[in-house]
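Examination of the molecular architecture
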Amino acid sequence: MVWAEIRAGSEFVFSHLIFINFILAMIIIFFQRKEPQSVWTWLLLLYFIPIFGFIFYLLVGTDMHKKRMFKIKEIEDHLNEAIRRQEDWLQDKRAGWKSPEITEYADLALYNLGVSGAVLTDDNDITVFTDGKEKFEALMEDMRQAQKYIHVQYYIIKNDVLFQQMKDVLVEKAAQGVEVRILYDGMGGRFVNKKCWRELNRKGIRTAEFFPALLRRLHLRINYRNHRKIVVVDGKVGYVGGFNIGKEYIGLDEKFGYWRDTHLRIVGSAVASLELRFALDWNYASKENLFMTDKYMAYGNAGSKQRCEVQIVSSGPDSRYRNIRDNYLRMIGKAKESIYIQTPYFIPDEAILSALMIAVHSGIAVNVMIPCKPDHPFVYWATYSYIGDLVMEGANCYTYYNGFLHAKGMVVDDKALCFGTANMDIRSFALNFEVNAVVYNEGLARRMREIFEEDLKVSRQITKNVYMGRTLLVRFKEQVCRLLSPLL
């Protein structure tokens, strides 16, 4: 009897497949505000894979619950309104800004302040890490020096040798009375079981999960992941960049080999903005309001020496504007001599791609570096397709061969840079929660350009001949993955 009912139901679905597909298509078109390119991609998927295409859309593409999911975060983000009051003060003091870089990029600084509440600070000392072992050694040493609190936020945390080392430090500090909080993304943190988190809770470490799985380990929300990596120690030292917590990030995974990434250690007033960003995410995930006490917001320049002018810019699906993407776009538009980009995934939207092509044809040296190997094959071949567009227009594009390149950022004219957690792709621009540091400093920008040039020694250029000589299989992969790029 039951099987007969199931069979009857199946026959009904398949006999009315065209009508059902039509209704589902109308839902995608009229009930979701998406870019036309994305809409057409979903409609094609629905046409070729009826019913199952729509189920995939519900898992990956839908934002029907977006407003409800982010209502609390949107209210909390109104706290930035108080920060925006600096805008008038900065406009009045523009002539007195200390560096020629910030004078030249005043419009970008004011945009960041007005749109995302990113305060401009000028008393920061920044150290750049490109090696995972060096970064985590410095981070754990800073943790050992903590007196009040340690706030840790990572997209991916794996329960392996690296996390074990960090846990030992954090447990020791918690036993000393230091407040320790760990915030992890529900999908990125799936490699650590609940037993481990409960054990850390018993040892005095507070943990919170951003967008946990709805059905145990089954994650129905593939989009809207918290991709940020932030650590703040006592409000004096802050870290932001591309490294996650896992043995591959210190070069211990045979699949990837050496892991080349970029992370910034900041000492100075910009740490306040990293702390604010952590607090907003923590409040949302844990329902513990860190703004109820002043101790997390009370800090000064902590003896910084470099005098870098910095803004911490955040973006995500809860933001009205695509703040980090807009920074990339504005920096490309302001370039006069050179642009250097490193990213593991290069799937730009039309505006970014057009801006880079305009820069190439304006005589600006556009340099882009991507990995030589994929960690996500579909994303990689879409990346290679877009890189091909730039190569054919005259840009200098390279593949990094000394392991895996995971650095994320841009340097313009040896004057300004934007580095952090955001990839140069549509997912980072619109779907993930990201955070980048925008730095206006000639010395640091020149250093980042020099790092790019050092990486060229272990890279190969993708010339027009190389790109035109790719095999039919590679061409096929590119075309299929590029077609799916709005979904990646």
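Above this text you will find the structure in question.
Attention here is on the structure that accompanies the text. (Residues numbered from 1 in each chain as written. Predicted model: local features only at pLDDT ≥ 70, side-chain atom pairs only at ≥ 80, totals over all residues. Heavy atoms only, no water.)

**Considerations on the overall build of the protein chain**
In terms of regular secondary structure, the protein chain is built from 20 helices and 18 strands. The buried share among the 488 residues of the protein chain stands at 56%. In the protein chain, 80% of the contacts between residues at least 6 apart in sequence involve partners at least 24 apart. Carbon and sulfur atoms make up 56% of the accessible area of the protein chain, which totals about 22100 Å². (Helix = DSSP H or I, 4+ residues; strand = E, 2+ residues; numbered from the N terminus. Buried < 20%, exposed > 50% of the residue type's maximum accessible area, 1.4 Å probe, protein only. Contact = heavy atoms within 4.5 Å. Areas by Shrake-Rupley, 256 points an atom, 1.4 Å probe, with all protein chains shown as cover.)

**Thoughts on the pairing of strand 9 (residues 338–342)**
By the criterion of burial, strand 9 is predominantly enclosed, with five of the five residues buried. Pairing between strand 9 and strand 11 (residues 365–371): five bridges, direction parallel. When the sheet's bridge partners are listed, Gln-342 is paired in strand 11 with Met-369. Bridging between strand 9 and strand 14 (residues 409–412) involves four bridges; their strand directions are antiparallel. By the bridge assignment, Ile-341 is partnered in strand 14 with Met-410. (Pairing = 2+ DSSP bridges.)

**Looking at the side chain of His-227**
As for its placement among the helices and strands, His-227 is situated in the loop between strand 4 (205–210) and strand 5 (230–233). Discounting chain neighbours no more than four positions away, the residues touching His-227 are Tyr-155, Lys-408, Thr-421, Asn-423, Asn-432, Phe-433 and Glu-434.

**Re the environment of Ala-382**
Its place among the elements puts Ala-382 in helix 16 (residues 377–393). Separated by 98 residues in sequence, Ala-382 and Val-480 place their C-alpha atoms 8.1 Å apart.

**A word on the pairing of strand 4**
Strand direction decides the pairing type here: strand 3 (residues 179–185) and strand 4, joined by six bridges, are parallel. Its bridge partner being in strand 4, Asp-185 is matched across the sheet by Phe-210.

**A look at the packing of aromatic side chains**
For any pair of aromatic rings, the description consists of the separation of the ring centres together with the inter-plane angle of the planes. Within this structure, the stated rule accounts for 22 aromatic pairs. Arranged with centres 6.3 Å apart and planes meeting at 25°, the rings of Tyr-380 and Tyr-384 form a pair that is stacked. With a gap of four residues between them, Tyr-380 and Tyr-384 both fall in helix 16, about one helical turn apart. For the pair formed by Tyr-380 and Tyr-384, the shared burial category is buried. Given the relative accessible area of 11%, Tyr-384 is considered buried. (Phe/Tyr/Trp six-rings, centres within 6.5 Å; stacked < 30°, edge-to-face > 60°.)

**Some remarks on a nonpolar patch on the surface**
On the surface, Leu-473, Phe-476 and Val-480 cluster together into a nonpolar patch covering about 290 Å² of accessible area. Checked against the element boundaries, Val-480 lands in helix 20 (residues 472–483). (Patch = residues over 30% accessible without salt bridge, like charges linked within 9 Å, V, L, I, M, F, W, Y side chains within 5 Å. Salt bridge = Lys/Arg side-chain N within 4 Å of Asp/Glu carboxyl O.)

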